[in-house]
Amino acid sequence: MGRKIGYRRVSSEEQNLDRQDLSFCDRVFEEKLSGGSTKRPELKKMLDFLWMGDEVHVWSIDRLARSMSDLLDILQAISEAGASLHFISENLKFSGSPDQDDAVATLQLHMLGAFAQFERSIIRKRQMEGIAKAKAAKKYKGRKPSVNREDVKRRLELKLPVSQVAREMQISRSTVYAIAKELGFQARPGMLAPEQIKRE
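Right, let's walk through the structure included here. Sequence order as written defines the numbering, with residues in each chain counted from 1. Reporting of local features is limited, given that this is a predicted model, to residues whose pLDDT is at least 70; pairs of side-chain atoms are given and counted only at 80 or more, and all residues count toward the totals for whole chains, interfaces and linings. Note that the side-chain values use all heavy atoms of the structure and ignore hydrogens as well as water.

**Some thoughts on the packing of helix α5 (residues 149–157) against helix α7 (residues 173–183)**
Note the following rule: Only C-alpha atoms enter the line fits that serve as axes; for helices the fit covers just the stretch in contact. Angles between N-to-C directions range over 0 to 180 degrees. Helix numbers and strand numbers start at the N terminus; a helix is a DSSP run of H or I with at least 4 residues, a strand a run of E with at least 2. Angular relationships are summarised with four words: roughly parallel below 35 degrees, roughly antiparallel beyond 145, roughly perpendicular across 65 to 115, and oblique for the angles in between. Every residue pair with non-hydrogen atoms within 4.5 Å of one another is taken to be in contact. In this classification, the charged set is Asp, Glu, Lys and Arg, the nonpolar set is Ala, Val, Leu, Ile, Met, Phe, Trp, Tyr, Cys and Pro, and all remaining amino acids, among them Gly, are polar.
Interhelical geometry of α5 versus α7 gives an angle of 85° and a closest axis separation of 10 Å. Our classification of the angle between α5 and α7 gives roughly perpendicular. Counting all contacts with α5, which are made through R149, V152, K153 and L156, the residues of α7 involved are V176, I179, A180, E182 and L183. Its residues assigned to classes, the contact of α5 with α7 shows 6 nonpolar, no polar and 3 charged.

Put into structure tokens, the structure is as follows:
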């Protein structure tokens, strides 16, 4: 008899997975990241974990896939593993085989997947419109820099080699050069120095 395998996902660390009740499953894979992310390690682990006869349970279509093509790719991967897929909220079940799956259910899957993709595109459009309005009103600050510019600046002022700055800050050399340019530093062989020092 096959195992019951669950997959559940929320879009951020702050969100709770409890609403997606998969307590009946033998094994549950969980992720806290955007559905639009191209890297979903737990989803990959789940697909690799599947055996013949397993049942994959997901709370709803939008918890599993980021687009219609993505949804079909995942369904195919599950089918190739010999497993089936069950969406709890929509009450849709699929083996991935056209001969076995109900035609009406397959149509519903395509329609619901398309609507979920459309809804996400509308949300992104509204977000972009909101950012554009905030920029026009000079209220948009953008994302906070992930690299401490002051730490990079101090190292550049000491004329440390770019490779050393990158190593100490755990960032790439190209990132060091980009920040240096942003801060008004000028490139020199093996290191960066402030323009004002060069003028002196």
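Moving on from the coordinates now.
**A closer look at the pairing of strand β3 (residues 55–58)**
Put simply, the rule is: Note on pairing: two strands pair once DSSP finds at least 2 bridges between them.
Here 4 bridges tie strand β1 (residues 4–10) to β3, and the two strands are oriented parallel to one another. Paired with G6 across the bridge in β3 is H57. Of the pairings in the sheet, the one linking β3 to strand β4 (residues 84–87) comprises 4 bridges and is parallel in character. Following the sheet pairing, V56 is matched in β4 by L85.

**Some details on the side chain of R40**
Inclusion rule: Pairs of N or O atoms within 3.5 Å make up the polar contacts considered here, provided that, within protein, one atom can donate a hydrogen while the other can accept it, and that residues adjacent in sequence are counted only when both atoms are side-chain atoms.
Examined against the element boundaries, R40 turns out to sit in the loop between β2 (27–32) and α1 (41–49). A polar side-chain atom of R40 sits 2.8 Å from a polar atom in the side chain of D70.

**Remarks on the sheet that holds β3**
Strand order in this open sheet of 5 strands is β2-β1-β3-β4-β5, and the pairing throughout is mixed. Each edge of the open sheet carries a strand with a single partner, namely β2 and β5 (92–94). For this sheet, the mean inter-axis angle between neighbouring strands, taken without regard to orientation, is 15°. With respect to the sheet, α1 is in contact with β1, β2 and β3, its orientation differing from that of β2 by roughly 160°. Contacting β3, β4 and β5, helix α3 (residues 68–80) runs over the sheet at an angle of about 135° to β4.

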